[in-house]
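# Residue-level structure breakdown
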Amino acid sequence: MGVIKWLRSVADMLLPRYCKVCGCRLDFSEEHLCVLCLARMPFCDNADLVNNISMRPFIHDRRVVHAASLFHYYKDSSYRNLIYHLKYYSHPSVGVLLGRMVAERLAGSGFFDGIDMIVTVPVTKRKLKKRGYNQCDYIARGISSVVGTEWRGDVIRRLTSGVAQAKKGRYERLATNDGHNGVVNPFVMSEQSAGLIYGKHILIVDDVLTTGATLNNVLSSIPLSNVRISIMTLGVVL
């Protein structure tokens, strides 16, 4: 046994690790998931990158090229524990692992062909302060480690309610004004960020796709017609 494996075995004896899904004790070679839970994971069928359940909420936006998710997120499934641990139990490394998994599963599908940048969906300042991190950033890190594409967490910003229009730039006003001087979209993009993704193909990363409302707001915050967009989430409820 190599030194690293020996040290890992000793560490597991002193501080045992447990499967985030079933709760059983993990072997030194397992990471967050036991072999059995990994084998039983309800993976999504992403064989068709255009006509799949993850693409349905975005078919109205012609800029969206592909959409894919890692697994089906069922309300009563123990696999939702993966997202809980990632978001609420201070285990951001779960996001890195799942990001690697979804990237590896799609590596030969053409999903990542031509993607110039990975962009993460921001969380509110309150959640960021409480949690200490944005879970989407760690998912993006995992994806980036496999495909080698740059990821950024500052392209899209999340506003607090009641932000004055006068304090926002032209792109921000376009994205958030509903015609009645009210803020309807919490996500905004600055002129600088717009220039950063101008004419590029970006991959937007989020944790769970439910109704698609959050990601559609993100899409609305991008007032550019010459960008190509793909979307990736870990779980999908649809």
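See the structure above.
Just so you know, these numbers come straight off a predicted model, no measurement behind them.

## Description of unusual backbone geometry
For His-32, which is not glycine, the phi torsion reads 70° and is therefore positive. Mapped onto the elements of the fold, His-32 is located in the loop between α1 (3-14) and α2 (35-40). Relative accessible area serves as the criterion here: at 10%, His-32 is assigned to the buried category. In this structure, Ser-90 takes a positive phi of about 60° despite not being glycine. For Ser-90, the position within the fold is in the loop between α3 (80-87) and α4 (93-106). Classification of Ser-90 by relative accessible area gives exposed; the value is 52%.

## Things to note about helix α9 (residues 213-220)
Of the positions making up α9, those classed as buried are Leu-215, Asn-216, Val-218 and Leu-219. For α9, the angular spread of the buried residues around the axis is 155°, confining them to a single face. Residues of α9 that are buried make contact with β1 (64-72), β5 (187-188), β6 (201-209) and β7 (228-236).

## Description of the side chain of Asn-185
Note on placement: Asn-185 falls in the loop between α7 (170-176) and β5. At a separation of 3.0 Å, a polar atom in the side chain of Asn-185 contacts the main-chain amide nitrogen of Phe-187. A polar atom in the side chain of Asn-185 sits 2.7 Å from the backbone oxygen of Asn-217.

## So, α4
End to end, α4 covers 20 Å across 14 residues, agreeing with the expected 20 Å (1.5 Å per residue, within 8%). Where α4 is buried, its residues meet α2, β1, α3, α6 (135-147) and β7.

## Description of the packing of aromatic side chains
For the structure on display, the rule yields three aromatic pairs. For Arg-105, the ring lying beneath its charged end belongs to Phe-43, and the centroid distance is 3.8 Å. Lying over the aromatic face of Tyr-138, Arg-141 brings its terminal NZ or CZ to 4.4 Å of the ring centre.

## Thoughts on the side chain of Ser-221
Assignment of secondary structure puts Ser-221 in the loop between α9 and β7. From its side chain, Ser-221 meets the backbone oxygen of Val-218 in a polar contact 2.6 Å long.

## Points about the environment of Tyr-74
Take Tyr-74: it is sitting in the loop between β1 and α3. Each C-alpha atom, one on Tyr-74 and one on Leu-238, is 9.3 Å from the other, the two residues being 164 residues apart in sequence. Excluding its chain neighbours within four sequence positions, the residues that come into contact with Tyr-74 are Pro-42 and Arg-80.

## Overview of the packing of α4 against α6
Where α4 meets α6, the axes come as close as 6 Å, and the angle between the chain directions of the two elements is 40°. Considering their axes alone, α4 and α6 lie oblique with respect to each other. The two elements α4 and α6 meet at a crossing, and its hand is right-handed. Within the contact between the two elements, α4 uses Gly-95, Val-96, Gly-99, Arg-100, Val-102, Ala-103 and Glu-104 and α6 uses Tyr-138, Ile-139, Arg-141, Gly-142, Ile-143, Ser-145, Val-146 and Val-147. Of the residues assigned to the contact of α4 with α6, the class counts are eight nonpolar, four polar and three charged.

## Side note on the environment of Leu-98
Examined against the element boundaries, Leu-98 turns out to sit in helix α4. Spatially, the C-alpha atom of Leu-98 lies 6.7 Å from that of Ile-139, the residues being 41 residues apart in sequence. Contacts of Leu-98, omitting those with residues within four sequence positions, involve Met-41, Leu-70, Leu-82 and Leu-234.

Reading guide: rules and limits
Residues numbered from 1 in each chain as written. Predicted model: local features only at pLDDT ≥ 70, side-chain atom pairs only at ≥ 80, totals over all residues. Heavy atoms only, no water. Helix = DSSP H or I, 4+ residues; strand = E, 2+ residues; numbered from the N terminus. Buried < 20%, exposed > 50% of the residue type's maximum accessible area, 1.4 Å probe, protein only. Arc of directions from axis to C-beta. Contact = heavy atoms within 4.5 Å. Polar contact = N/O pair within 3.5 Å; in protein donor to acceptor, adjacent residues only side chain to side chain. Expected span 1.5 Å × (residues − 1). Phe/Tyr/Trp six-rings, centres within 6.5 Å; stacked < 30°, edge-to-face > 60°. Lys NZ or Arg CZ within 6 Å of the ring centre and 35° of its normal. Axes fitted to C-alpha atoms, helices over the stretch in contact; angles between N-to-C directions. Parallel < 35°, antiparallel > 145°, perpendicular 65-115°, else oblique. Left-handed = near helix turned anticlockwise from the far one by under 90°. Nonpolar A, V, L, I, M, F, W, Y, C, P; charged D, E, K, R; others polar.

Keep in mind that these numbers describe shape and distance, not what the molecule does.
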